[in-house]
Each structure stands twice: as structure tokens, then as C-alpha cells.
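# Results of the structural survey
The residues making up each chain are set out below.
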Amino acid sequence: MSLDSITTSVDEAVSGLFEPIAKWLGEVVFYAVPVGGTDLPLIVAWLVVAGLVFTGWFGFVQIRKFRLAVDVVRGKYDEKGSAGEVNHFQALTAAVSGTVGLGNIAGVAVAVSIGGPGATFWMILCGLLGMATKFVEVTLGVKYREVHADGTVSGGPMHYLPKGLADRFGSGGLKLGKVLAVLASAMVLFFGLFGGNLFQVNQSYAQLVSVTGGEDGVIGSSAGALFFGVLVAALVGIVLLGGIRSIANVTSKLVPAMAGIYIAACLVVILVHVTAVPDAVVTIIKGAFAPEGVAGGVIGALIIGFKRAAFSNEAGLGSAPIAHSAVKTKHPASEGLVALLEPFIDTVVICTMTALTIVIANPASWAEARAGESIGGVTITSDAFATVLPWFPYILTVAVLLFAISTVLTWGYYGLKAWSYLFGRSKASELTYKVLYTLFAVAGSLLTLQTLIDMADAVLFMLAVINIIGLYLLAPVVKRELNSFLEFVRARKSGVADESDEDQEPVKTTV
């Protein structure tokens, strides 16, 4: 029996087994109601409303404190002797690498095909709102993290939900928080294996095959797929063994590189079509409020834009606090401010660059997709690049591979923290997880497992429901932490405090 027939049989068997569960779960999590001639998934409304609430609650912190956030990333307010494993810049790049991925390339293309160019405007707005949500959840992640005896750090919703709810509501809050923590860990682990690992490898392999001669090309065979999977697994396994410090060292170099390559490619297309830029901007703005040929009109464009942004930057899902919690700081809100830059980079910059490139280049495949033909998002973006130079799709392939590998690395760390919470931090336990995760990377090049990937998306957005309830309940804690850090900043500026100050309570250390 050939490898192709084995993988086909496995795909069919898994689909047959899990399809009813995946279908039911998707219908529940992504339940949509008709609004203005189109469907609004309630989970998107849940995420957007959270962004609105936290934007108001913290007085537009994402705008007022943007400059301060940049200063913190630059190390201006670093403090000696702070617990943690990585600096602010490394924590940011590690988290960004988990959100920036194929959704920024393929997902945006689909959004501007279904919702029209105007979806870009609403996507940017949703990204700006998500910055406030990210600030809240990451501040809590650092506030309630655990620093272990060996200096490593664990954080995320599985830690701040039980500890934070216990702080505010006593033993009853602790009991509820522990239940939510187990659910959150299971959800992060499931998505990490299938959405953050297998799907990323699968799609990056498909893109690589498409530019190397298709199924008849150099790596189009099942042997080529296996080689690609083993290569990615080996790279990921080596980095994972080094923990967050190793991941941060890689992502702090990889994220700027991949973002730089991709943005440079977009800018080349835009500059070649520079005379079309004013018209494209007008088209996007007009399309946001008076779209033509878009189901649902203005509401349709808004919903598609919000949906793409919410799915892309993961604000409110509880994943990013896991990476940010490893930062070296004594003031939790300092990393919360750093984290609000994440949706800005992911959605406001990279997603917008993709949308603008497609609108300006206006490839034939985009027109066909808007007319209702089924065309992959990566194909549309690739065709937009190809309008300038025919070899630009190869640049896109490099960007896709870098995005995918960085996402696999970061979700490997997220999954490890979830696994450790559920099964303990012993060396045997963690090694078991790392072996399992690398095997999933190999499987990603061979198997589609679309049913389980669909389930993974639903599971991750279920986590958003749990997580955001916790954020609402713990928002007063975040307010106190923000005020504490702002007082420290004022003291540092006036010369009263210096980088060796230790005015924060020590973070709890556990074995």
C-alpha cells in the first residue's frame, strides 16, 4: 500500500469519525443571526463588544499610551532584577509570531472578495479595538503568572482565571476558576496541535508545491511531503527543546525578517501602481459606507471586516498572554501596553498592506472571486504580486513559510504550557508533549484533517467566551496595575525612581 493511499484512508476515517462533532460545534460557536441582509456570527460580536468596552473603560489606552508602549519595547523602562525569561521586544515578537500567519495573506484576500474593498476599513477599526482587549488580558497574564524555582515562567488564562477570581470572589471564585482553567488548557492544547501546527505545515507545504511545479514538481510526491514534514519537525523540535528563551531568540529575528520581506513586497507592488493609490484609498473608504455588489451592503462589509480582524489578531482569545507572561518586568501593565502593539502590527499594518496590495493591483482572480467563483485566498494575493514581476509569488512563498514556521513555534510553546498545567511539569511529561508536537508537524505535510482543523477553530473561539468573561470580572485589577505603572513612569522621568527600584510585590514562585 502506497503512502498516498494510507494518508487518504486516514483522512477519510478521521473525517467520518469527527465530522458530526465538528459540524455541531461549528454551528454552536459560530452561530450567526441575520443582520442587514447578511449573517453576523455572535462570537465576532462578542469580541468586538469587548474591544469597545475596554477601549471606553481604559480611556482609549491604545491611542493615549501608544508612544509609551513603544518606549517600553525599546527598553526605556526596564528594571534590573525583574523575574522573567525574555525582554519586552522578545515577548512581543514571540506573541506576534503566533498571530501573524496565513490569515494575513489568504484570509484578507477572501475578506476583500466577499466584503469588497470597504471591508478593509472595518478590519482596521476592529484591529484598533482589539488593542484594548489585548492590553487587558496580557496585564492579567503577567499579574498572575507563576515563576518556577528554575526561573521558567508559566502564564495565561489557566493561571489568571483561578488566581484572579479567587482574589476577587474568594473560595467560590477559586473553584470556578479551576474549572475554567482546565477547560482553557484543553482548548489551547487542541488548537495548538491542529490549528497552530498541522494546519500551518499543511498550507505552507501546499504553497511550496504550487510554485515548484505542482504535484509533478520536485516535492509534489508523497516522499517530498514526508521530507518537508520531517524537516519542519526537526527545526521546530530543536527550538522547542530550548523553551521560550530559544523561541524568543528565533522569533525576535524571524518576525522582523518575515514582516520586513512581506511589507517590502507589498510596497513594491504599491509603488509600481503608485498612481492608483489615491483611487484605491477612496474605493476602500467609499466601499465601507456605500459598498456595491456586496451582500448586506454596509453591514455586510462591516461584518466581513470585523470577522477577519477578530480571527487574525486573536485579541480576547487568551493565547497571547501565555507568551507575554515570560517577560522580565515588575509591572504587569508594562507588558500589557507592549501587547497592545500586537493587533496594530498584525491587523492595522500587515492585513491592511495585503488588502491595499490586492485593491491596487486588481488581479483578474480577485474580480473572478468577487463574481462568485471559488478561488483560494493565497492565489489572489499571489496574483496581485505577479502583476509586478512574475517571480513575486516566490517571495510570497518565502513569507508564507516564515509565517507558518514562526506560528508553529509559538503555538508549540502555548501547547506546552497547557499540557504542563494538565499533566504536570516533569521532564518526562514535557518530553512526551514535544515528541507528540513534532509528530503532528510531520503529519501536517501528509494529512489534511480538515474536520479537526475546523474543530480547532471552534474550540479556540469557545475559549474567547470563557476568557472575556474573566476579563470583565478582573478589569478593576488591570486598572490598578495601569495606575501603578504610570506612577512608576512619572517617578522614573522625574529621577525619583531608577531601573533598580523594586517597588512591586514579588511574583509567587512555585516548584
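Here's what I pulled together on the structure shown here. In this text the structure is predicted, and so the values were computed from the model without any measurement.

## Considerations on the packing of helix α18 (residues 392-423) against helix α19 (residues 427-446)
- Closest axis-to-axis distance for the α18/α19 pair is 10 Å, and the angle between their directions is 140 degrees. Between α18 and α19, the crossing angle belongs to the class labelled oblique. Between α18 and α19 lies a crossing whose hand is right-handed. For the pair α18 and α19, contact is made by V408, W411, G412, G415, L416, W419, S420 and F423 and by S429, E430, T432, Y433, K434, L436 and Y437, respectively.
- Within the contact of α18 with α19, the residues separate by chemical class into 8 nonpolar, 5 polar and 2 charged.

## Points about helix α9 (residues 222-241)
- Between its first and last C-alpha atoms α9 spans 28 Å; for 20 residues at 1.5 Å apiece the expected length is 28 Å, and the two agree.
- Residues S222, G224, A225, F228, G229, V232, A233, V236, G237, V239 and L240 constitute the buried set of α9.
- G243, located one to two residues past α9, shows a positive phi value of around 75 degrees.

## Regarding the nonpolar core
- Grouped together as the largest cluster of nonpolar side chains are 156 residues, with contacts concentrated most on F135, L140, Y262, L337, Y414 and F485.
- The leading source of residues in this core is helix α20 (residues 450-494), at 22 residues.
- Non-local contacts of F485, meaning those with residues more than four positions away in its chain, are made with L68, V72, Y77, H331, A333, S334 and L337.

## Focus on unusual backbone geometry
- Positive phi outside glycine occurs at F60, with the angle close to 55 degrees.
- Looking at the secondary structure, you find F60 in the loop between α2 (42-57) and α3 (61-64).
- For E314, which is not a glycine, the phi torsion comes out positive at approximately 60 degrees.
- Here E314 is to be found in the loop between α12 (297-313) and α13 (320-324).

## Re the environment of P332
- Tracing the sequence through the fold places P332 in helix α14 (residues 332-339).
- On the basis of relative accessible area, P332 is assigned to the buried category, the value being 6%.

## Details of the packing of aromatic side chains
- Here the structure, examined in full by the defined rule, presents 23 aromatic pairs.
- Plain terms: the ring middles of Y205 and F228 are 5.5 Å apart, the flat faces sit at 40 degrees to each other, and that makes the pair tilted. Here F228 lies in helix α9 and Y205 lies in helix α8 (residues 157-210), a separation of 23 residues in the sequence.
- For Y205, a relative accessible area of 10% translates into the label buried.
- Accessibility expressed as a relative area gives 10% for F228, which makes it buried.
- Ring centres of W419 and Y433 lie 5.8 Å apart, and the angle between their planes is 45 degrees; this geometry places the pair in the tilted category. Highlighted residues: W419 in helix α18 and Y433 in helix α19, separated in sequence by 14 residues. Here W419 matches Y433 in class, with each residue buried.
- Each member of the aromatic cluster is reached from another via a ring pair, and the members are W46, F54, W57, F58, F135 and Y472.
- Here the basic side chain of R370 rests over the ring of W366, its NZ or CZ set 5.1 Å away from the ring centre.

## Observations concerning the state of the cysteines
- Counted by the stated rule, this structure contains 0 disulfides.
- No disulfide involves C126; its sulfur sits 10 Å from that of C351, the nearest cysteine.
- Residue classification places C126 among the buried residues on the basis of a relative accessible area of 6%.
- For C351, a relative accessible area of 0% corresponds to the buried category.

## Details of the environment of R168
- Secondary-structure assignment places R168 in helix α8.
- R168 sits 308 residues away from P476 along the chain, and the two C-alpha atoms are 9.7 Å apart.

## Concerning the packing of α8 against α18
- For the pair α8 and α18, the least separation of the axes is 7 Å and the interaxial angle reads 145 degrees. The handedness of the crossing between α8 and α18 is left-handed.
- Residue composition of the contact of α8 with α18, grouped by class: 23 nonpolar, 11 polar and no charged.

## Some points on the environment of P343
- Within the secondary structure layout, P343 lies in helix α15 (residues 341-361).
- Separated by 217 residues in sequence, P343 and C126 place their C-alpha atoms 9.2 Å apart.
- In contact with P343, not counting residues within four places along its chain, are G127, G130, M131, K134, N313 and V348.

Each value, and the rule that gives it
- Residues numbered from 1 in each chain as written.
- Predicted model: local features only at pLDDT ≥ 70, side-chain atom pairs only at ≥ 80, totals over all residues.
- Heavy atoms only, no water.
- Axes fitted to C-alpha atoms, helices over the stretch in contact; angles between N-to-C directions.
- Helix = DSSP H or I, 4+ residues; strand = E, 2+ residues; numbered from the N terminus.
- Parallel < 35°, antiparallel > 145°, perpendicular 65-115°, else oblique.
- Left-handed = near helix turned anticlockwise from the far one by under 90°.
- Contact = heavy atoms within 4.5 Å.
- Nonpolar A, V, L, I, M, F, W, Y, C, P; charged D, E, K, R; others polar.
- Expected span 1.5 Å × (residues − 1).
- Buried < 20%, exposed > 50% of the residue type's maximum accessible area, 1.4 Å probe, protein only.
- Core = buried A, V, L, I, M, F, W, Y, C linked by side-chain atoms within 4.5 Å.
- Phe/Tyr/Trp six-rings, centres within 6.5 Å; stacked < 30°, edge-to-face > 60°.
- Lys NZ or Arg CZ within 6 Å of the ring centre and 35° of its normal.
- Disulfide = S-S within 2.5 Å.

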